[in-house]
Amino acid sequence: MKIRYRLNPSNPCFSFEFYPPKTDEGTEALLKTVEELAPLAPGFVSVTYGAGGSTRERTLDLVTRIKRDTGITAMAHLTCVGHDRDELRALLRRLAEAGVENVLVLRGDPPTGGSGFVAHEGGFAYASELVQFIRDEDFGFCLGGACYPEGHVETVSRETDLTNLKRKVDAGLDFVITQLFFDNAFYFDFVERAHRAGINVPIVPGIMPITNYEQLQRFTRMCGATVPMRLALQLERVRDQPEALMQLGVAHATVQCMELLARGVPGIHFYTLNKSPATRMIVGALRARS
Ligand SMILES: Cc1cc2nc3c(=O)[nH]c(=O)nc-3n(C[C@H](O)[C@H](O)[C@H](O)COP(=O)(O)OP(=O)(O)OC[C@H]3O[C@@H](n4cnc5c(N)ncnc54)[C@H](O)[C@@H]3O)c2cc1C
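**Structural notes on the nonpolar core**
Working step 1: Formed by 65 residues in total, the largest nonpolar core has its most connected members in Phe16, Ile66, Leu130 and Phe270.
Working step 2: Ignoring anything within four residues of it in the chain, the contact list for Phe270 reads Phe14, Ser15, Phe16, Glu17, Ile207, Cys257, Thr279, Ile282, Val283 and Leu286.
Working step 3: One finds Ala146, Ile177, Met208 and Leu235 within the second-largest nonpolar core, a separate group that totals 28 residues.

**Concerning the sheet that holds strand S5 (residues 142-147)**
Working step 1: The strand order around the closed barrel formed by eight strands is S1-S2-S3-S4-S5-S6-S7-S8, and the pairing between neighbours is parallel. Adjacent strand axes in the sheet meet at a mean angle of 30°, parallel and antiparallel pairs treated alike.
Working step 2: Where strand S3 (residues 74-79) and strand S4 (residues 102-106) come together, five bridges link them in parallel fashion. Note that in S4 the partner of His77 across the bridge is Leu104.
Working step 3: Packed on one face of the sheet, helix H3 (residues 85-97) meets S3 and S4 and runs near 175° to S3.
Working step 4: The strands that helix H4 (residues 127-136) touches are S3, S4 and S5; relative to S4, the one it contacts most, it runs at about 145°.

**Examining the packing of helix H9 (residues 242-262) against helix H10 (residues 277-289)**
Working step 1: For the pair H9 and H10, interaxial distance at closest approach is 9 Å and the crossing angle is 40°. Classed by the angle they form, the pair H9 and H10 counts as oblique. Read as a crossing pair, H9 and H10 show a hand that is right-handed. Contacts from Met246, Val250, Ala253, Thr254, Cys257, Met258 and Leu261 of H9 reach H10 at Pro277, Ala278, Met281, Ile282, Ala285, Leu286 and Arg289.
Working step 2: Its residues assigned to classes, the contact of H9 with H10 comprises twelve nonpolar, one polar and one charged.

Analysis parameters
- Residues numbered from 1 in each chain as written.
- Predicted model: local features only at pLDDT ≥ 70, side-chain atom pairs only at ≥ 80, totals over all residues.
- Heavy atoms only, no water.
- Core = buried A, V, L, I, M, F, W, Y, C linked by side-chain atoms within 4.5 Å.
- Buried < 20%, exposed > 50% of the residue type's maximum accessible area, 1.4 Å probe, protein only.
- Contact = heavy atoms within 4.5 Å.
- Pairing = 2+ DSSP bridges.
- Helix = DSSP H or I, 4+ residues; strand = E, 2+ residues; numbered from the N terminus.
- Axes fitted to C-alpha atoms, helices over the stretch in contact; angles between N-to-C directions.
- Parallel < 35°, antiparallel > 145°, perpendicular 65-115°, else oblique.
- Left-handed = near helix turned anticlockwise from the far one by under 90°.
- Nonpolar A, V, L, I, M, F, W, Y, C, P; charged D, E, K, R; others polar.

In structure tokens form, the structure reads like this:
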């Protein structure tokens, strides 16, 4: 099933993102997590692509197994990092042969400590170039991409970032998924600006339930997402009480999702961080209300 057919404001779908574990035991545990989330009838699940090394192979393996063993529509993330065109073509071929129909096309991040992104020799400097390549090679995938309501961390301005997003969408994207955000105002403003800029593909909000204080600090430092002052103060108060912190995180994400659904989003993508309880609670609450 191509994901673009699942993204519908009159029947929005929930989707879950996972990252590939480093070990075989971790992979088995993750497949159990996916099974635990299956009763929530996700529209699709996606598996991220690492910066290098063995987990990259596991992305392909996991996507194939999720699709085969659970019947859930699965999407592979793919980045430009460390690959030339021939390698990318071979990876895409493997995905197509495994029956995977959906790919989230990304540039990837520069290596930690590196200054700026440098294209691999014979590879690509921007996600839009990889999108164009996949379309030119005629693979027939449904393609998604990333977008940034608060602007990408490297960009000089939100306007420039939007112009670059338009270029990426025009190269052949079917939908985009946003970076995580904790204040819906950023999303609604972004959607309005994107529409004005002529971006007409579905824009799926990405939501991360907060379950760990230190992890939140790390992520927000990395991706530049703003934590609203009131939420930041509440989190600070319970930072050393895991249960209370999770309840606060779940409550905040649930309220965010309720507003997003009420205002007609085509779906909600959950950054699960490979854990099911928080996402299960949120989706359970949302389903109970609908
Ligand atoms: C939903 C989602 C899933 C993700 N999954 C993964 C994953 O699985 N693995 C992983 O490593 N990372 C992942 N990331 C992180 C992503 O790789 C980083 O945010 C990365 O820094 C940018 O990737 P991109 O595809 O958005 O890049 P691009 O769209 O190429 O944009 C990168 C930067 O370049 C600028 N730019 C784009 N085109 C041009 C141009 N023609 N000229 C000048 N500037 C330009 C943009 O404005 C932006 O600042 C994900 C992010 C999101 C939101």
